[in-house]
Amino acid sequence: MAYDVIVIGAGLAGLSAGFELSWRGKKVLLLESEPIVGGRTSSWDDDGMKVESSLHRFKGYYTALPDLLFRAGIDVDRILKWEEQVAVKVGLDKVLFGLSPFHGPIKALRGFLGNNKFISVKEKLALARFFAAGFREYVAHPDQLDAISVLDYAKKHGLNQDAVEKILIPLSSGFFFLPPQRYSTYAYFGMFFPGLKKFYKLRQGTFNGGMTEVMADPLAKAITRLGGTVKTYAKVEKLLVRNGRVGGVLTSEETFEAPYTIIATTLAESQRLVKPHVTEGSWFDDLMKLESMSSVSIQLELDKPSMAQDMTTFAPYTCLGTFSEQSRTTFPNSKGRLSIILTPPERFLEMEEEDILEIVLQDAMKIGLNLETHILDYRVVRYANASYSLDTGNNHLRPSQKTPVEGLVLAGDYTQQPYFATMEGAVVSGRLAAQAIL
Ligand SMILES: Cc1cc2nc3c(=O)[nH]c(=O)nc-3n(C[C@H](O)[C@H](O)[C@H](O)COP(=O)(O)OP(=O)(O)OC[C@H]3O[C@@H](n4cnc5c(N)ncnc54)[C@H](O)[C@@H]3O)c2cc1C
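As the structure is a computational prediction, the values presented were derived from the model and not from experiment.

### So, the pairing of strand E17 (residues 320–325)
With respect to burial, E17 is a largely interior element, six of its six residues being buried. As paired strands, strand E16 (residues 313–314) and E17 are joined by two bridges and run antiparallel to one another. Following the sheet pairing, Thr-313 is matched in E17 by Phe-323. Linking two consecutive strands that pair antiparallel, namely E16 and E17, is a turn of five residues; a positive phi of about 75° is found at Tyr-317 within it. Pairing of E17 with strand E18 (residues 336–342), which is carried by five bridges, proceeds in the antiparallel orientation. Bridge pairing in E18 places Glu-325 opposite Leu-338.

### Examining the domain arrangement of the protein chain
Considered domain by domain, the protein chain is made up of domain 1 (5–43 + 64–71 + 210–291 + 392–437) and domain 2 (111–199). Taking only C-alpha atoms, the centre of domain 1 and the centre of domain 2 are 32 Å apart. Taken together, the contact pairs nine residues of domain 1 with 15 residues of domain 2. Between domain 1 and domain 2, roughly 800 Å² of surface is buried when both sides are summed, and carbon and sulfur atoms account for 63% of that area. Linking domain 1 with domain 2 are zero salt bridges, by the criterion used here. Linking domain 1 with domain 2 are four residue pairs in polar contact (both at pLDDT 80 or more), by the criterion used here. Tallied by class, the residues present in the side of domain 1 that touches domain 2 amount to three nonpolar, six polar and no charged.

### Focus: helix H2 (residues 64–71)
Of the positions making up H2, those classed as buried are Ala-64, Leu-65, Leu-68, Leu-69 and Arg-71. The buried residues of H2 occupy an angular sector of 165° when projected down its axis, which confines them to one face. Lining the buried residues of H2 we find helix H1 (12–23), strand E5 (58–59), helix H3 (76–79), helix H10 (211–225) and helix H15 (423–437). Once H2 finishes, Gly-73 follows within two positions and takes phi at roughly 80°, a positive value.

### Structural notes on the nonpolar core
Phe-130, Leu-159 and Phe-189 are the most contacted members of the largest nonpolar core, which has 61 residues in total. At seven residues, the largest contribution of residues to this core is made by helix H5 (residues 121–140). Counting contributing residues, this core receives three or more from each of domain 1 (5–43 + 64–71 + 210–291 + 392–437) and domain 2 (111–199). Formed by 45 residues, the second largest nonpolar core is a distinct cluster that contains Leu-219, Ala-411, Tyr-419 and Met-423.

### Observations concerning unusual backbone geometry
Put simply, Thr-343 and Pro-344 share a cis peptide bond, and its omega is -5°. Note that Pro-344 resides in the loop between E18 and helix H13 (345–348). Phi at Asn-385 is positive, roughly 55°, even though this residue is not glycine. Here Asn-385 shows up in strand E19 (residues 375–388).

### What to know about the packing of H2 against H15
For any two helices packed against each other, one specifies the inter-axial angle together with the distance between the axes. Relative to each other, H2 and H15 sit at 65°, their axes nearing to 8 Å. When the axis of H2 is compared with that of H15, the two are roughly perpendicular. Along the contact surface, H2 presents Ala-64, Leu-65, Pro-66, Asp-67, Leu-68 and Arg-71, while H15 presents Met-423, Glu-424, Val-427, Val-428 and Arg-431. Looking at the contact of H2 with H15 residue by residue, the class counts come to seven nonpolar, no polar and four charged.

### Notes on the side chain of Ser-270
Along the polypeptide, Ser-270 turns up in helix H11 (residues 267–274). Since its relative accessible area comes to 0%, Ser-270 is described here as buried. If near-sequence neighbours (up to four positions away) are discounted, Ser-270 is found in contact with Ile-263, Thr-265, Leu-287, Leu-410 and Tyr-414.

### Concerning the packing of aromatic side chains
Enumeration over the complete set of coordinates arrives at 19 aromatic pairs. Considering the side-chain rings of Phe-130 and Phe-131, the 5.1 Å spacing of their centres and the 75° angle between planes classify their relative orientation as edge-to-face. The same class applies to Phe-130 and to Phe-131, which are both buried. When the ring of Tyr-153 is compared with that of Phe-189, the centres are 5.9 Å apart and the planes differ by 70°; the resulting orientation is edge-to-face.

### Observations concerning helix H14 (residues 353–366)
Taking 1.5 Å of rise per residue, 14 residues should cover 20 Å, and H14 covers 20 Å from first to last C-alpha, within 8% of that figure. Residues of H14 that are buried include every one of Ile-356, Leu-357, Ile-359, Val-360, Leu-361, Asp-363 and Ala-364, and no others. On its buried face, H14 is in contact with strand E15 (292–302), E17, E18, H13 and E19. Just past H14, the residue Gly-368 takes up positive phi, approximately 80°.

### Description of the sheet that holds E5
Taking strand neighbours across the sheet as the criterion, the three strands line up as E5-E9-E6 in an open arrangement whose pairing is antiparallel. In the strand order of this sheet, the two ends are held by E5 and strand E6 (80–83), each with one partner. Two strands pair when backbone bridges link them, and E5 and strand E9 (residues 204–207) are joined in this way by two bridges, in the antiparallel orientation. Considered in E9, the bridge of Lys-59 is made with Gln-204.

Rules used throughout
- Each residue is numbered by its place in its chain's sequence as written, counting from 1.
- Given that the model is predicted, a residue must reach a pLDDT of at least 70 before its local features are reported, and side-chain atom pairs must reach 80 or more before they are shown or counted; all residues, however, enter totals for whole chains, interfaces and linings.
- Note that the side-chain values use all heavy atoms of the structure and ignore hydrogens as well as water.
- With a 1.4 Å probe rolled over the protein chains alone, any residue whose accessible area is under 20% of its type maximum counts as buried; one over 50% counts as exposed, and the rest are partly exposed.
- Under the scheme used here, helices are H or I runs from DSSP no shorter than 4 residues and strands are E runs no shorter than 2 residues, and both carry numbers assigned from the N terminus.
- For two strands to be treated as a pair, DSSP must find no fewer than two bridges joining them.
- Throughout the structure description, domain borders are defined by an automatic or database domain assignment.
- Any two residues whose heavy atoms approach within 4.5 Å are treated as being in contact.
- The quantity reported as buried area is the accessible area (1.4 Å probe) lost by two parts once they are put together, taken as the sum for both.
- Throughout this description, the term salt bridge denotes a Lys or Arg side-chain nitrogen within 4 Å of a carboxyl oxygen of Asp or Glu.
- Under this definition, polar contacts are N or O atom pairs within 3.5 Å; protein pairs additionally need one hydrogen-donor-capable and one acceptor-capable atom, and for neighbouring residues in sequence, both atoms have to be side-chain atoms.
- For this classification, Asp, Glu, Lys and Arg are treated as charged, while Ala, Val, Leu, Ile, Met, Phe, Trp, Tyr, Cys and Pro are nonpolar and the rest, including Gly, are polar.
- The arc in question is formed by the directions pointing from the helix axis toward the C-beta atoms.
- Here, the term nonpolar core denotes a set of buried Ala, Val, Leu, Ile, Met, Phe, Trp, Tyr and Cys residues that are joined through side-chain atoms within 4.5 Å.
- Here an angle of 0 to 180 degrees is reported between the N-to-C directions of two axes, which are lines fitted to C-alpha atoms, with helices fitted over the stretch in contact.
- With respect to orientation, any angle under 35 degrees is reported as roughly parallel, any angle over 145 as roughly antiparallel, any angle of 65 to 115 as roughly perpendicular, and every other angle as oblique.
- Any two of the Phe, Tyr and Trp rings considered here, Trp counted by its six-membered ring, make a pair once their centres fall within 6.5 Å; the pair's planes then place it as stacked at under 30 degrees, edge-to-face at over 60, or tilted in between.
- For a helix, the expected span equals 1.5 Å multiplied by the residue count minus one.

Below, the structure written as structure tokens:
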């Protein structure tokens, strides 16, 4: 079979590129190393327990991802349940913050104006100044902002330790698992900036069902309907390079040829694939220097729901970075399901599963969650070096989708696009990669 384009990796970036190209009549071959499609947005059956890559939230201001799903025939409102509030738990106290000034204006206002016991009026004013300055500088001086950590930036703007612990840390280690002393201020404000411009769309969706089942698989099927081919269990070992041009790929079993190849893998895999072909001082230097970060989550199958609602919750001062009960949404066949993204990930990357569980149970007790006697089963899901690092000084190293090598294009959330390491960012990168070929 003759292909126009080979796409390596069927995460959202590869699925997006594959769909755009198939939509425009190109013959696409999508090669995925794993048994399932979806990459970091996937779900599968692990020896009788349904698990997912990790807890994911679909921001209301995303546009490329809903557009892709719409054209693939996937109804966004059916696969998502919209959330209007998130919770922060400090000890036994719980504070609710409204996300959606348009869909839940009263809750949003009450969250910001109320909660004076949780965060003082003085600190609220300091936070308002911190956010106003950050958004101004995000537009005016992006490089300067990428050179300073969000903790140093907060100190510069007079935020006290309480505001740092209760607001900054949930919003930094909670989103993307890095502590604020490492988190780039540019990446930090960039996560919120698109939402600011579309404040009326500020809410977030939780998936109704596993992400492979409701999103990635239907996307792969849409590509197939448009004439593309999707192969799983197909790990690309090497690029096929002839006379300085990439003309295809090699798996352990087959060679596939095409005039264009898109690498849409994780950052670390992309570095591995291009490494044999790059020389020092080349365009690829920055890509090779770009750092990656890891993530670890634990998913607990319970005999009853752990919380009254399925709601995104942050717990500063504990290892429970972001967590949510999911038995009414993503895992409807579970009696109870708690999914937790752990922070800091480095602490848990190599740790024995039983030891992780022990630490999680102790920290959960501190916020009033007594889980021990309710656990039926559990899994730890680890991604070592899968996401590009939001540490300071990395943003300018992110490569464009177009490369100087003939026949070679990059996609993936780590490539240049305005939505950082998110599902929206991955989809935008896939679209840009397809445009570079078209
Ligand atoms: C813990 C966690 C929580 C997150 N939460 C959110 C969230 O709430 N909201 C949000 O918008 N985003 C979130 N994200 C980010 C989002 O998951 C990613 O940005 C997005 O999934 C990245 O897609 P991708 O296609 O770039 O990469 P990936 O999904 O990693 O896809 C790469 C694919 O390439 C395949 N592959 C690798 N090597 C090879 C090879 N040699 N041959 C063939 N195939 C190969 C992999 O198996 C994988 O399927 C989260 C990420 C993590 C890790």
